[in-house]
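Residue-level structural notes
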Amino acid sequence: MKKLNKVILSITGLALLMAGCGNLQNSQLNSSDNSNNSSSKATKVQTTGQTNNDYYQGIIRNGQYQVSKARGVNVDNETNQFDVKSFSSGLLNLSKTEFPTNKYIFQEGQYIDSKTARQWLGRQSSNNPDGLNPPDNGQMDPNKRNPIYLQQILEQDFVTDNNNKVNLAGMSIGLGLNSVDTYTKQQYGATYETKISQAQDEQQGKQMATKVLSRLRKMKGVANNTPIMIALYRQSTPDSLVGGTFFAYAISKSGNKLDTWHKIDQQNEVLPVVNNAKPINADVANSFDTFRNAVKQFFPNLSGVTAQVHYENGNLAGMNITITTQFYSETEITSFAQFVASEAAKDLPNKVPIQINIQSVQGMQAFVARDAGSNGFYTHVFGSY
């Protein structure tokens, strides 16, 4: 049952955003974090419980999970969906280094609301002085115009329970920066691109981070000594089959000053590589090819076997594999899932976390996974009842 819970969490994505879905804690905490709560009634706060220390406990207020105040807001909603997922999960993983899961409770961002996020993501102008993106200089040439640098902003809050009172104890902010800014010269016209270098993103991102920090410190409920981490994320291109990566972060312990910026070495790629591209790690690519060829021989007419691969500091940190099949019977899928688990253990790199989704046009059929540091895979086949 524990493994089944982890399977379901991985598929829905909740495991990336909050604590595991354990039983609700019966304790009712008093809210004192001033999270834009205008109700005069006492707020009943519960936690979700915790399936294991890899995940945060989450906050439930008056029986409802509190979604982000700026949920789903980004520039023109054009963000690659792979970026949306890796941006959120990547920021949460960075947060764990500063706000450990055994000491802090997770809360979706409650201070930057939708209106504020839209203003900050907009261009600076007389009508929007708070815009973090540069003013429109009127140019249409891709190399002369001021591009949109900031595409997404994400807030994650971390609270503590002090004598049955919830207090804001930390905050993480992610700034999602474009590698390519797409635009049109006229409504419904052709699409053009302005390419943005890593150096440009770094310069703009650090300048924006200082402004964001100053604004956060002025918000009600954010103390002058609340630790705030700001991380810079470089988005993938709109047509990419993999998300972008974080490349720098800094922490403010107090006031409006960010401490030293720390570099983050992350890389993502899709396997198999196309157009004779050179893989990041030839050994990893070869092991995946061996696995892929074995899987394709098991069932005729497999639609595809692909992997999203993540590296940190030059080392393989995880793989997310998708196997697309036709619709098969439950007994066939059960046999297939067991075969996939066996081949994965034999062919794929050891110890790193791996998720394998087996799906068809009808939906998810089976799930195969391995946790970090483990050798064995567990499987779950989705039945019809």
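Look up a bit, the structure's there.
Description of the structure in this document. (Residues numbered from 1 in each chain as written. Predicted model: local features only at pLDDT ≥ 70, side-chain atom pairs only at ≥ 80, totals over all residues. Heavy atoms only, no water.)

**Some words on the overall build of the chain**
Along the chain, the regular secondary structure elements total seven helices and 18 strands. Summed over all atoms, the accessible surface of the chain reaches about 19500 Å², with 45% contributed by carbon and sulfur. (Helix = DSSP H or I, 4+ residues; strand = E, 2+ residues; numbered from the N terminus. Areas by Shrake-Rupley, 256 points an atom, 1.4 Å probe, with all protein chains shown as cover.)

**Structural notes on helix α7 (residues 330-347)**
With 18 residues, α7 extends 25 Å between its outermost C-alpha atoms, agreeing within 8% with the 26 Å of an ideal straight helix rising 1.5 Å per residue. When α7 is considered as a whole, its buried residues turn out to be I333, F336, A337, V340, A341, E343, A344 and D347. In this fold, the buried residues of α7 make contact with α6 (282-298), β15 (315-324), β16 (354-360), β17 (363-370) and β18 (378-381). (Expected span 1.5 Å × (residues − 1). Buried < 20%, exposed > 50% of the residue type's maximum accessible area, 1.4 Å probe, protein only. Contact = heavy atoms within 4.5 Å.)

**With respect to the environment of S172**
Mapped onto the elements of the fold, S172 is located in strand β7 (residues 165-177). For the pair S172 and M229, spaced 57 residues apart in the sequence, the C-alpha separation amounts to 4.6 Å. In this view, S172 contacts L91, S95, F99, L154, E155, Q156, F158 and M229; residues no more than four positions away in its chain are not counted. Polar side-chain contacts of S172 include one of 2.8 Å to the side chain of S95. (Polar contact = N/O pair within 3.5 Å; in protein donor to acceptor, adjacent residues only side chain to side chain.)

**Thoughts on the environment of K206**
Tracing the backbone shows K206 in helix α5 (residues 198-217). Owing to a relative accessible area of 26%, K206 belongs among the partly exposed residues under this scheme. Each C-alpha atom, one on K206 and one on W261, is 8.8 Å from the other, the two residues being 55 residues apart in sequence. Discounting chain neighbours no more than four positions away, the residues touching K206 are L232 and W261.

**So, helix α3 (residues 81-98)**
For α3, spanning 18 residues, the distance from its first C-alpha to its last is 27 Å, which sits close to the expected 26 Å at 1.5 Å a residue. When α3 is considered as a whole, its buried residues turn out to be D83, S86, F87, S88, S89, G90, L91, L92, L94, S95 and E98.

**A closer look at the nonpolar core**
If you look at the biggest cluster of nonpolar residues, it comprises 32 residues, and the most contacted ones within it are F291, M319, I321, I323, V340, I356 and I358. Counting only elements with at least two residues in this core, the list comes to α6, β14 (304-312), β15, α7, β16 and β17. Here the element with the most residues in this core is α7; it accounts for six residues. If near-sequence neighbours (up to four positions away) are discounted, I356 is found in contact with F291, I321, I323, V340, A344, A366, F367, V368 and F377. Membership of the second largest hydrophobic core comes to 30 residues, among which are L132, M171, M208 and L216. (Core = buried A, V, L, I, M, F, W, Y, C linked by side-chain atoms within 4.5 Å.)

**A short note on the packing of aromatic side chains**
A ring pair, where both rings are aromatic, is described by two values, the distance of the centres and the angle of the planes. Following the criterion strictly, the structure yields 14 aromatic pairs and no others. Here F99 and Y104 contribute two aromatic rings whose centre-to-centre distance is 5.3 Å and whose plane-to-plane angle is 75 degrees, an arrangement assigned as edge-to-face. Assessed through its relative accessible area of 1%, F99 is described here as buried. Relative to F339, the ring of F298 lies with its centre 4.6 Å away and its plane at 25 degrees, an arrangement referred to as stacked. Linking F298 in helix α6 with F339 in helix α7, this pair joins segments that are 41 residues apart in sequence. Between R145 and the ring centre of Y183, over which it is positioned, the NZ or CZ distance is 3.7 Å. Its guanidinium or amino end placed over the ring of Y192, K185 lies 4.3 Å from that ring's centre, counting from NZ or CZ. (Phe/Tyr/Trp six-rings, centres within 6.5 Å; stacked < 30°, edge-to-face > 60°. Lys NZ or Arg CZ within 6 Å of the ring centre and 35° of its normal.)

**A few points about the sheet that holds β16**
Read from one edge to the other, the open sheet built from six strands follows the order β13-β14-β15-β16-β17-β18, with strand pairing classed as mixed. At either end of the open sheet lies a strand with only one pairing partner, and these are β13 (266-271) and β18. Across the sheet, the axes of successive neighbouring strands diverge by a mean angle of 15 degrees, strand direction being ignored. With six bridges connecting them, β13 and β14 associate as antiparallel partners. Paired with Q266 across the bridge in β14 is E312. Contacting β13, β14, β15 and β16, α6 crosses the sheet at an angle of about 160 degrees to β14. (Pairing = 2+ DSSP bridges. Axes fitted to C-alpha atoms, helices over the stretch in contact; angles between N-to-C directions.)

**Observations concerning the pairing of β7**
Summarising burial for β7: eleven of the 13 residues are buried, a large majority. Looking at chain direction, strand β6 (residues 150-161) and β7 are connected through eleven bridges and run antiparallel. Residue pairing for β7: F158 is matched across the bridge by G170. Where β7 and strand β10 (residues 228-234) come together, seven bridges link them in parallel fashion. The residue bridging G174 from the neighbouring strand is A231, located in β10.

**Considerations on the packing of α6 against α7**
Packing of α6 against α7 leaves a shortest axis separation of 10 Å and a crossing angle of 155 degrees. By the angle class used here, α6 and α7 are roughly antiparallel. At the point where α6 passes α7, the crossing takes the right-handed sense. On the side of α6, the interface is formed by S287, T290, F291, A294, V295 and F298, while α7 contributes S335, F336, F339, V340, E343, A344 and D347. (Parallel < 35°, antiparallel > 145°, perpendicular 65-115°, else oblique. Left-handed = near helix turned anticlockwise from the far one by under 90°.)

In short, the description is geometric, and any link to function would need to be established separately.
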